[in-house]
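Here are the chains, one letter per residue:
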Amino acid sequence: MQNKVLILDFGSQYTQLIGRRVRELNIFSEIKPYNKLPEDLSEYTAVILSGSPLSVRGEDAVHPDLSEIRGKKPLLGVCYGAQYLAHFNGGSVEKSNTREYGRANLNFVKDNEPFFDKVSTGSQVWMSHADTIKHLPENTTLLASTHDVENAAFKFDGEETYAIQFHPEVYHSKDGKQVLENFLVKIAKMEQTWTPDAFVDKTVAELKEKIGDEKVILGLSGGVDSSVAAVLLHKAIGKNLHCIFVNNGLLRKNEYSEVLKQYEGMGLNVKGVDASARFLDDLVGESDPETKRKTIGRVFIEVFDDESHLVENAKWLAQGTIYPDVIESVSATGGPSQTIKSHHNVGGLPDFMKLKVVEPLKMLFKDEVRRVGASLGIDKALLGRHPFPGPGLAIRILGDITPEKVAILQEVDAIFIDGLKKWDLYDKVWQAGAMLLPVNSVGVMGDERTYEKCVALRAVESTDGMTADWVNLPYEFLQKTSNDIINKVPGVNRVVYDISSKPPATIEWE
């Protein structure tokens, strides 16, 4: 497929945002690690070099061979990418005397330059670097400066190679999307044809070719990702898709029965499997967050292995893995970015399981999954459902897991989520949930002293899960919710509200 952008990942946590911004322009992008260049570059129209936590002056500086790209395809270096193009082509990069991190403003933009079309002096950009480009290479032209960074943008004369010290992919670069559009559409002449409908058509065709007449088992969760994956696969292979919804004992209150009912009438072949005792038994006494995740992942695989033997000639296991899952578990496609935490549905299958994995959504962000779901005609209520972690309430119960703790948190969560819906706040929140903390606190109920559990409520706004801000819920709502929880849930006498953003915190507590 031509008309694709290749993004070379040098390890920046912003790399995936570059890909997302490109897709917002209806242009498809793929991220590859800098040390694993695709053998066939003919399918890529343009290339972008990402930022990096490394320094081009360091001994560990990455130095990929760009001889098949530079001067042959439109090329854009971002931050480290810009320093790379300067440092290894005769310019000089030095440690900055005044590290520039955060907001800055362009105080010089070259006139009549297509790269900065519709971007004017004073435009806010986002900087994040300790090094600075002191001298540009020969045969280059300065395109933009800020107060502290003279060489904020430049291009190589006689070729479509551009470099910018700021990050156009982040929200705080106000004209960042315009800069990317100028580079990709005006300079690289790319067509803006990648849409949800185009994704569906292409993916269905690929699934038909890949799977053929073989049978696929899919784990449904009741959430957006697995539901969209199911409908997409059903569109491709029909009756050969066998959906299984597993009750791991860590679902929300009444979720097992409600989810099974939800899929009635969607034309999907769905089987419910209650494995709650199996999961909870294997989690007894386990408090470490990573071990809990991996235990749930292991049992999840074991349950599916058992169920796969009941589906004659099943060859594939489908999962609703999406891009942020992959990014936080390991850098996309094996690049150098740092692992944040593992995800239960990322990383392949053990050798004993003879199923091949198919993940039709693994290159999509959450908002893109919802747009694809709308294109497939999935009900708006299902598409608008908040994300819910694969390990369920296990990572919202800090410390060890017991049936009693699960029951407490289910009640607390139900009051919180139902309240958001009644107060018309649910659709204004990207994700919400309650955490059961591993501490007791002193309280008074009537004339008696209590020493009971504390719960934390969490509600965030986001678009893709990569970054998130806490939601300023009305005090009246929080007051009512707190009172309801304390009065209706035995064992809880204190409620707090989490006002941490991501980063530095994550959305879930574990």
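Residues numbered from 1 in each chain as written. Predicted model: local features only at pLDDT ≥ 70, side-chain atom pairs only at ≥ 80, totals over all residues. Heavy atoms only, no water.

Per an unreviewed UniProt entry, the chain goes by the name GMP synthase (glutamine-hydrolyzing) and belongs to marine sediment metagenome. Regarding the chain, the UniProt comment filed under Pathway (unreviewed entry) reads as follows: "Purine metabolism; GMP biosynthesis; GMP from XMP (L-Gln route): step 1/1." (UniProt positions renumbered as here; feature names shortened; annotations may be inferred.)

Turning our attention to the overall build of the chain. Across its full length, the chain holds 13 helices and 18 strands. For 510 residues, the compact-globule estimate of 2.2 N^0.38 gives 24 Å, and the chain sits close to it at 25 Å. Within the chain, the proportion of its 510 residues that are buried is 57%. Long-range contacts, defined as pairs at least 24 residues apart, comprise 74% of the intrachain contacts of the chain with a sequence gap of at least 6. Element-wise, carbon and sulfur atoms account for 47% of the exposed surface of the chain, whose accessible area totals about 22,400 Å². Charged side chains in the chain number 58 positive and 72 negative. The centres of these two groups are separated by 2 Å. (Helix = DSSP H or I, 4+ residues; strand = E, 2+ residues; numbered from the N terminus. Rg over C-alpha atoms; globule rule 2.2 N^0.38 Å. Buried < 20%, exposed > 50% of the residue type's maximum accessible area, 1.4 Å probe, protein only. Contact = heavy atoms within 4.5 Å. Areas by Shrake-Rupley, 256 points an atom, 1.4 Å probe, with all protein chains shown as cover. Lys, Arg positive; Asp, Glu negative; His and termini not counted. Charge placed at Lys NZ, Arg CZ, Asp CG, Glu CD.)

For the rest of this paragraph, the subject is the domain arrangement of the chain. The domain boundaries assigned to the chain delineate domain 1 (2-185), domain 2 (194-382) and domain 3 (401-495). The straight-line distance from the C-alpha centre of domain 1 to that of domain 2 is 36 Å. (Domains from an automatic or database assignment.)

So, on to the nonpolar core. Residues Val 412, Leu 420, Leu 473 and Ile 485 are the most contacted members of the largest nonpolar core, which totals 48 residues. For this core, the element with the most residues is helix α12 (residues 403-422), which contributes 8 residues. Leaving out residues up to four positions away in the same chain, Val 412 has contacts with Ala 434, Val 455, Leu 457, Ile 485, Val 489 and Val 492. (Core = buried A, V, L, I, M, F, W, Y, C linked by side-chain atoms within 4.5 Å.)

The next thing to look at is the sheet that holds strand β12 (residues 270-274). Taking strand neighbours across the sheet as the criterion, the 5 strands line up as β12-β11-β10-β13-β14 in an open arrangement whose pairing is parallel. The sheet is open, and its two edges are formed by β12 and β14 (356-358), each paired on a single side. Between one strand axis and the next, the sheet turns by 30° as a mean value, whatever way the strands run. Across 3 bridges, strand β13 (residues 314-318) lies against β14 in parallel orientation. Note that in β14 the partner of Ala 318 across the bridge is Val 358. In the packing of helix α5 (residues 224-237) onto the sheet, contacts are made with β10 (215-220), β11 (241-247) and β13, and the angle to β10 comes to roughly 160°. (Pairing = 2+ DSSP bridges. Axes fitted to C-alpha atoms, helices over the stretch in contact; angles between N-to-C directions.)

Each regular strand carries side chains that alternate between the two faces of the sheet. Counting buried positions over the 7 residues of β11 gives 7, a clear majority of the element. Burial along β11 is two-sided: the face carrying Leu 241, Cys 243, Phe 245 and Asn 247 and the face carrying His 242, Ile 244 and Val 246 are both buried. Note that β10 and β11 share 5 bridges and pair parallel. Bridge pairing in β11 links Gly 219 to Ile 244. Regarding the hand of the β-α-β motif, the stretch spanning β10, α5 and β11 is right-handed. In this sheet, β12 lies alongside β11 in parallel orientation, the contact comprising 5 bridges. (Right-handed = clockwise from strand over helix to strand, strands pointing away.)

The first and last C-alpha atoms of helix α13 (residues 475-488) sit 20 Å apart over 14 residues, in line with the 20 Å expected at 1.5 Å per residue. Every buried residue of α13 is accounted for by Phe 477, Leu 478, Thr 481, Ser 482, Asp 484 and Ile 485. Projection of α13 onto a plane perpendicular to its axis shows the buried side chains occupying an angular sector of 165°, all on one side. In α13, those exposed residues whose orientation departs by more than 90 degrees from the buried face are Tyr 475, Glu 476, Gln 479 and Asn 487. (Expected span 1.5 Å × (residues − 1). Arc of directions from axis to C-beta.)

On to the pattern of salt bridges, then. Applying the stated rule across the entire model yields 31 salt bridges. Of the charged contacts, one joins Lys 155 and Glu 113 as a salt bridge, the two residues approaching to 3.1 Å between their closest N and O atoms. Here the residue Lys 155 occupies a position in strand β8 (residues 153-156), and Glu 113 occupies one in the loop between β5 (92-109) and β6 (124-135), the gap between them amounting to 42 residues. Given the relative accessible area of 5%, Glu 113 is considered buried. Notably, a salt bridge pairs Arg 278 with Glu 302, separated by 3.6 Å at the nearest N-O pair. A residue pair is termed long-range when its members are at least 10 positions apart, and Arg 278 in helix α7 (residues 276-282) and Glu 302 in helix α8 (residues 289-308) qualify at 24 residues. Residue classification places Glu 302 among the partly exposed residues on the basis of a relative accessible area of 23%. A single network of salt bridges, built from pairs that share partners, joins Arg 20, Arg 21, Glu 24, Lys 177, Asp 367 and Arg 371. (Salt bridge = Lys/Arg side-chain N within 4 Å of Asp/Glu carboxyl O.)

Below, the discussion takes up the packing of α5 against helix α10 (residues 366-375). At a closest axis distance of 10 Å, the pairing of α5 and α10 adopts a crossing angle of 40°. Relative to α10, the element α5 lies oblique. Here the hand of the crossing between α5 and α10 comes out left-handed. Contacts from Val 224, Asp 225 and Val 228 of α5 reach α10 at Lys 366, Val 369, Arg 370, Val 372 and Gly 373. (Parallel < 35°, antiparallel > 145°, perpendicular 65-115°, else oblique. Left-handed = near helix turned anticlockwise from the far one by under 90°.)

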